[in-house]
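In case you want the letters, here they are:
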Amino acid sequence: MKMSLMRFPALFAAVLCALPVAAGTAPDEKMDEFIDDLMSKMTIEEKVGQITLVTYDKSFMTGATQSKGVEKKIAEGKIGGVFNVRTLEDKINIQKLAVEQTRLGIPLMFGLDVIHGYRTIWPVPLALSCSWDMDLIERTARAAADEATSEGIDWTYSPMVDLVRDPRWGRVAESSGEDPWLGSRIAEAMVRGYQGESLDDPQSMMACVKHFALYGAGEGGRDYDMVDMSLNRMYQEYLPPYKAAVDAGAGSIMSSFNDINGVPATANKWLLTDLLRGEWGFDGFTVSDYTSVGELTEHGLGNLAEVSSRALKAGLDMDMVSEGVMKNLDYCLENGLLTEADIDVACRRILEAKYKLGLFEDPYLRLGAEPVDRAKYRSLALEAARKSIVLLKNDHDVLPLKKDTKVALVGPLADTKWELMGTWAGAAAMADEGVSIKSGISRYTSSMIHTSGAPITDNPGLARMIGVNIERSGDPDSLIAEAVSAAEKSDVVVAVLGENAKMSGESSSMTWIGLQPTQRRLLEALVATGKDVVLVLLNGRPMTLEWEDAHCAAIVDAWAPGLQGGNAVADVLFGEYNPSGRLSMTFPRNVGQVPIYYSMKSTGRPHIPFRKYRTGYIDCPQDPLYPFGYGLSYSTVDYSDMTASYDAGDKTVKASVKVTNVSDRAVTETVQLYVRDVVASVTRPMKELKGFRQVELGPGESRTVSFDVPVSELGFWTPDLQYVVETGKFVVEIGPDSQRTLSSEIEYTDVVSCQAVPFK
Ligand code: NOJ
């Protein structure tokens with residue numbers, strides 16, 4: 001095996017060449033002059049003010065602590081940014097305080113968690129990632145920016161690009177799932193959507209990539225927990241989506257709560273300076289997560305003065321809610337913890353962000369806009385919800401249902417608008433304009449009996465956490481009896497079960513990721529009636545559904561589908577839309593299989609079912625219930641005639657496959673390409689996604705789908721962190737998901753010089 005090994009400096013040069021021109025990355029002399037002049041007039045307190053971010057609305061909190069005396073501090077020039085301000089009026093009023101009452105009139109920057117829509121709510125990010133439609137994802141981010149900026153938002157705390165392989169973690173709902181390559185493409189699309197062509201466009205808002213870094217890899221799937229990971233794995237799998245977002249020009253990045261190598265991200269110099277700025281060339285600003293500066297004390301790193309100085313020196317520019325330096329400035333300076341020069345660096349970066357956002361030119365740029373006509377985004381919400389739904393099972397073509405089928409619509413989530421919004425929809429969502437599944441279905445049939453059937457849970461602790469009143473949920477036995485009677489009178493049962501909006505999201509980790517026992521009992525009773533049961537699942541995480549898969553005729557994973565969720569679900573159930581979603585995350589058979597993901601390594605003792613001295617479990621198959629990339633449609637698409645070869649001319653792997661829609665229904669097919677490095681100097685995953693194409697196929701239509709994969713994509717990081725592309729054999733696989741693939745072996749023989757584009 002011949003090997004092309006690129007030393008780091010050469011690689012770094014190649015990375016820089018490959019960087020797209022990010023928003024605001026070109027040197028801007030006018031900006032520099034403006035900021036030099038402004039900073040020459042600022043006192044050190046005013047500079048610290050710029051790096052201080054506070055929360056505002058008491059009725060709207062996204063963390064445990066509330067900032068106090070905000071108006072007074074703004075008027076004194078002690079605050080640079082504010083988030084969680086609910087109304088436009090409040091934003092205008094407090095901007096006036098900053099502009100008119102402070103000595104230098106430096107405008108505030110307004111932030112908010114616009115995560116999956118502002119007023120028009122799209123499906124939760126995990127759902128949207130199942131669309132595999134980058135254009136759609138970009139359009140949803142753009143539309144969110146349009147709505148949010150029209151109400152004064154300059155800066156969104158999105159995209160969350162944390163790679164997640166543990167469905168116990170509640171925040172998996174906010175992620176794009178388990179894959180670095182797919183996650184990177186989504187990260188880029190979202191940054192483009194939010195930031196548009198130019199940040200000073202009144203309809204653009206600054207993206208904030210979060211949570212840097214590795215937040216999705218917390219031990220045991222517990223929120224805020226520690227992470228211990230090899231550098232090699234970070235570079236290869238977990239860091240690429242952050243890097244992709246940075247390369248797409250994201251203006252800011254948020255540190256994560258977890259530690260990395262024993263140092264919390266918020267005070268981690270290696271992470272925030274050496275890697276982010278040194279290796280990646282990031283020139284935006286960093287912000288802590290909510291009170292994560294103050295929490296460094298709980299991590300055992302010292303008192304507030306010490307930890308906030310340490311964070312600042314490590315490269316953390318803005319402090320969200322802790323006001324650490326602000327409260328301790330004299331102490332920090334007197335004790336040599338900080339110098340004015342340290343503060344200058346961070347302050348400059350915040351001022352640059354405000355400049356790029358056009359706020360110095362017009363502090364009210366996003367505060368006087370015309371209200372957006374939300375109706376124009378309704379069809380986008382419907383498109384997003386339809387494309388996010390994943391059909392997991394469809395026995396004997398029970399779906400699509402015929403119009404006017406007699407439906408027993410059962411389940412505690414069947415007649416709700418709010419629970420369809422999912423996590424992080426609290427700020428401005430117009431849930432009352434939403435569509436419940438019941439109302440969606442009523443467009444297709446007038447013969448529907450609706451009954452709730454079961455409480456979401458009877459676990460008192462969980463019920464309290466997710467806002468369910470068990471007492472008011474009704475007697476479980478009578479509810480089941482009512483549901484069974486409805487089933488008996490109907491042609492088909494549609495059971496809408498799963499998670500309410502609070503069961504996933506921040507601080508919603510769970511050890512049990514199956515249906516709650518109350519819901520499972522209901523489902524068992526419905527199945528026992530002998531009627532076909534279609535399970536419509538609402539969820540923010542992959543769930544364990546082995547029993548459901550074995551007993552329900554069909555399973556439609558609708559996730560938290562957002563404002564138009566009810567219509568989208570009904571369109572899928574009745575065949576108005578041919579489901580096209582594909583899983584961006586593996587569904588385990590049971591929680592004991594976690595972590596389980598498609599790109600695992602083989603081990604020296606590859607799995608053979610129920611064989612001693614082999615990797616795997618002795619009580620459960622090795623494979624997941626539903627693999628990454630999986631999803632059904634109402635059409636069958638055949639794959640044939642695969643080709644793959646290496647083209648030394650343009651240094652790409654060229655591959656193609658013929659796809660044929662063998663049904664009489666048009667379909668959107670997501671053709672996926674995976675690569676395996678057969679022999680390498682290090683262990684490599686069994687396969688890795690390296691490309692996909694979405695094609696529309698009419699009834700009976702065939703098409704040849706082609707891929708050009710740059711050979712640099714075949715590389716990896718060595719244990720001493722060099723990015724290499726090794727020569728040798730690779731297996732290219734193409735298929736409708738990560739398991740059902742055609743494959744072809746290629747041999748890559750060239751020595752590539754300085755072509756590697758890591759993190760792609
Ligand atoms: C804490 C969350 O971790 C983060 O994602 C969010 O942006 C901030 N709170 C602000 O609300």
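By size, the foremost hydrophobic cluster in this structure holds 96 residues, and its most contacted members are Phe-212, Leu-214, Leu-239, Val-659, Val-671 and Ile-734. Once residues within four sequence positions are removed from consideration, Leu-214 is found in contact with Val-227, Met-229, Met-234, Tyr-238, Leu-239, Tyr-242, Asn-258 and Ile-260. In this structure, Ile-106, Val-172, Met-318 and Ala-495 belong to the second largest nonpolar core, which totals 84 residues.

Looking now at the site of the ligand. In the vicinity of the ligand, 14 residues are found, and the nearest of them are Thr-62, Asp-113, Arg-171, His-211 and Asp-289. Within the side chain of Arg-171, a nitrogen or oxygen atom sits 2.6 Å from an oxygen atom of the ligand. One of the side-chain N or O atoms of His-211 is found 2.7 Å from an oxygen atom in the ligand. Alone, the ligand offers 290 Å² of accessible surface; in the complex the protein occludes 100% of this. Residues of the shell around the ligand, tallied by class, amount to seven nonpolar, two polar and five charged.

What follows concerns the domain arrangement of the protein. Each assigned domain of the protein is listed with its residue range as follows: domain 1 (387–593) and domain 2 (637–748). Between the C-alpha centres of domain 1 and domain 2 the distance comes to 35 Å. The interface is formed by five residues belonging to domain 1 together with eight residues belonging to domain 2. Between domain 1 and domain 2, a total of about 510 Å² is buried, with carbon and sulfur atoms accounting for 38% of that surface. The three residues of domain 1 that bury the most area against domain 2 are Asn-578, Ser-580 and Arg-582, which together make up 79% of that side's buried surface. Here domain 1 and domain 2 share one salt bridge between them. Between Arg-582 and Glu-669 there is a salt bridge, with the nearest N and O atoms lying 3.4 Å from each other. Taken together, the connections running from domain 1 to domain 2 amount to three residue pairs in polar contact (both at pLDDT 80 or more). The residue makeup of the side of domain 1 that touches domain 2, split by class, is one nonpolar, three polar and one charged.

Okay, the sheet that holds strand β2 (residues 52–55) next. Read from one edge to the other, the open sheet built from eight strands follows the order β10-β7-β6-β5-β4-β3-β2-β11, with strand pairing classed as parallel. Two strands in the sheet have a free side with no partner beyond their single neighbour: β10 (285–287) and β11 (319–320). Examined bridge by bridge, strand β7 (residues 252–255) and β10 share three bridges and lie parallel to one another. Bridging across to β10, Met-254 finds its partner in Val-287. Across the sheet, helix α10 (residues 240–247) lies against β6 (206–212) and β7, angled at about 160° from β6, the strand it touches most.

This paragraph deals with the packing of helix α7 (residues 134–149) against helix α15 (residues 378–388). At a minimum axis distance of 11 Å, the contact between α7 and α15 shows a crossing angle of 140°. Overall, the two elements α7 and α15 adopt an arrangement that is oblique. Read as a crossing pair, α7 and α15 show a hand that is left-handed. Listed contacts from α15 to Leu-136, Arg-139, Thr-140 and Ala-143 of α7 are Leu-380, Glu-383, Ala-384 and Lys-387. When the residues that make up the contact of α7 with α15 are grouped by side-chain class, the tally is four nonpolar, one polar and three charged.

What follows deals with the sheet that holds strand β20 (residues 667–677). The four strands lie next to each other as β21-β20-β25-β26, forming an open sheet whose pairing is antiparallel. Across the chains shown, the open sheet's two edge strands, defined by having one partner strand only, are β21 (688–697) and β26 (742–748). Strand after strand, the sheet turns through a mean of 20° between neighbouring axes, direction not considered. Of the strand pairs in this sheet, strand β25 (residues 728–735) and β26 are connected by seven bridges, and their pairing is antiparallel.

Attention now goes to unusual backbone geometry. Here the amide bond leading from Lys-210 into His-211 is cis, since omega sits at -5°, within 30 degrees of zero. Along the chain, His-211 turns up in strand β6. Going from Phe-212 to Ala-213, the amide bond is cis rather than trans, its omega being 5°. Relative to the helices and strands, Ala-213 is located in the loop between β6 and α9 (231–238).

Turning to the pattern of salt bridges, a few remarks are in order. Considering all chains together, one arrives at 48 salt bridges under this definition. In this structure, Arg-374 engages Glu-433 in a salt bridge whose closest nitrogen and oxygen atoms are separated by 2.5 Å. With a gap of 59 residues between them, Arg-374 in the loop between α14 (340–356) and α15 and Glu-433 in the loop between β13 (407–410) and α16 (437–441) connect regions that are remote in the sequence. For Arg-374, a relative accessible area of 24% gives the class partly exposed. A relative accessible area of 29% places Glu-433 in the partly exposed class. Here Glu-546 ties to Arg-589 by a salt bridge, and the two come within 2.8 Å at their closest N and O atoms. Here Glu-546 is found in helix α20 (residues 546–551), whereas its partner Arg-589 is found in the loop between α21 (565–573) and β18 (637–647), with 43 residues between them in sequence. With relative accessibility at 34%, the residue Glu-546 sits in the partly exposed group.

The subject of this paragraph is empty space enclosed by the protein. If you walk through the whole model with that rule in mind, you get 15 cavities of 30 Å³ or more. Around the largest cavity sit 22 residues that line it, and Pro-180, Gln-236, Pro-240, Glu-688 and Lys-690 are the ones nearest its centre. For the lining of the largest cavity, the secondary structure elements donating two or more residues are α8 (180–195), α9 and β21. For the lining of the largest cavity, the class distribution of residues is eleven nonpolar, four polar and seven charged.

For the rest of this paragraph, the subject is the side chain of Thr-423. Mapped onto the elements, Thr-423 comes out in the loop between β13 and α16. We classify Thr-423 as buried; its relative accessible area is 11%. Among residues more than four places away in sequence, those in contact with Thr-423 are His-116, Val-124, Ala-173, Glu-174, Ala-501, Ser-504, Gly-505 and Glu-506.

Looking at the element boundaries, Gly-324 is found in helix α13 (residues 324–334). Considering only alpha carbons, one finds Gly-324 and Pro-460, 136 residues apart in sequence, at a separation of 38 Å. In contact with Gly-324, not counting residues within four places along its chain, are Leu-304, Ser-308 and Asp-319.

Within the secondary structure layout, Ala-305 lies in helix α12 (residues 304–314). Among the residues examined, Ala-305 registers a relative accessible area of 3% and is labelled buried. As a C-alpha pair, Ala-305 and Glu-323 span 18 residues in sequence and 10.0 Å in three-dimensional space. Ignoring sequence-local partners within four residues, the contact set of Ala-305 consists of Asn-328, Tyr-331, Cys-332 and Leu-337.

Between its first and last C-alpha, helix α19 (residues 517–528) extends 16 Å over twelve residues, near the 16 Å set by a 1.5 Å rise per residue. Of all the positions in α19, only Thr-518, Gln-519, Leu-522, Leu-523, Ala-525, Leu-526 and Val-527 are classed as buried. In this structure, the buried residues of α19 make contact with β13, α18 (476–488), β15 (492–498), β16 (532–538) and α20. In the stretch just after α19, Gly-530 is the one whose phi turns positive, near 85°.

Rules and cut-offs
- Residues numbered from 1 in each chain as written.
- Predicted model: local features only at pLDDT ≥ 70, side-chain atom pairs only at ≥ 80, totals over all residues.
- Heavy atoms only, no water.
- Core = buried A, V, L, I, M, F, W, Y, C linked by side-chain atoms within 4.5 Å.
- Buried < 20%, exposed > 50% of the residue type's maximum accessible area, 1.4 Å probe, protein only.
- Contact = heavy atoms within 4.5 Å.
- Near = heavy atom within 4 Å.
- Polar contact = N/O pair within 3.5 Å; in protein donor to acceptor, adjacent residues only side chain to side chain.
- Areas by Shrake-Rupley, 256 points an atom, 1.4 Å probe, with all protein chains shown as cover.
- Nonpolar A, V, L, I, M, F, W, Y, C, P; charged D, E, K, R; others polar.
- Domains from an automatic or database assignment.
- Buried area = accessible area lost by both parts, 1.4 Å probe.
- Salt bridge = Lys/Arg side-chain N within 4 Å of Asp/Glu carboxyl O.
- Pairing = 2+ DSSP bridges.
- Helix = DSSP H or I, 4+ residues; strand = E, 2+ residues; numbered from the N terminus.
- Axes fitted to C-alpha atoms, helices over the stretch in contact; angles between N-to-C directions.
- Parallel < 35°, antiparallel > 145°, perpendicular 65-115°, else oblique.
- Left-handed = near helix turned anticlockwise from the far one by under 90°.
- 1 Å grid on protein atoms, 1.4 Å probe; cavity = no way out; pocket = protein on both sides within 12 Å on 5 of 7 lines; lining within 4 Å.
- Points joined across faces, edges and corners; volume = space filled by probe spheres on them.
- Expected span 1.5 Å × (residues − 1).

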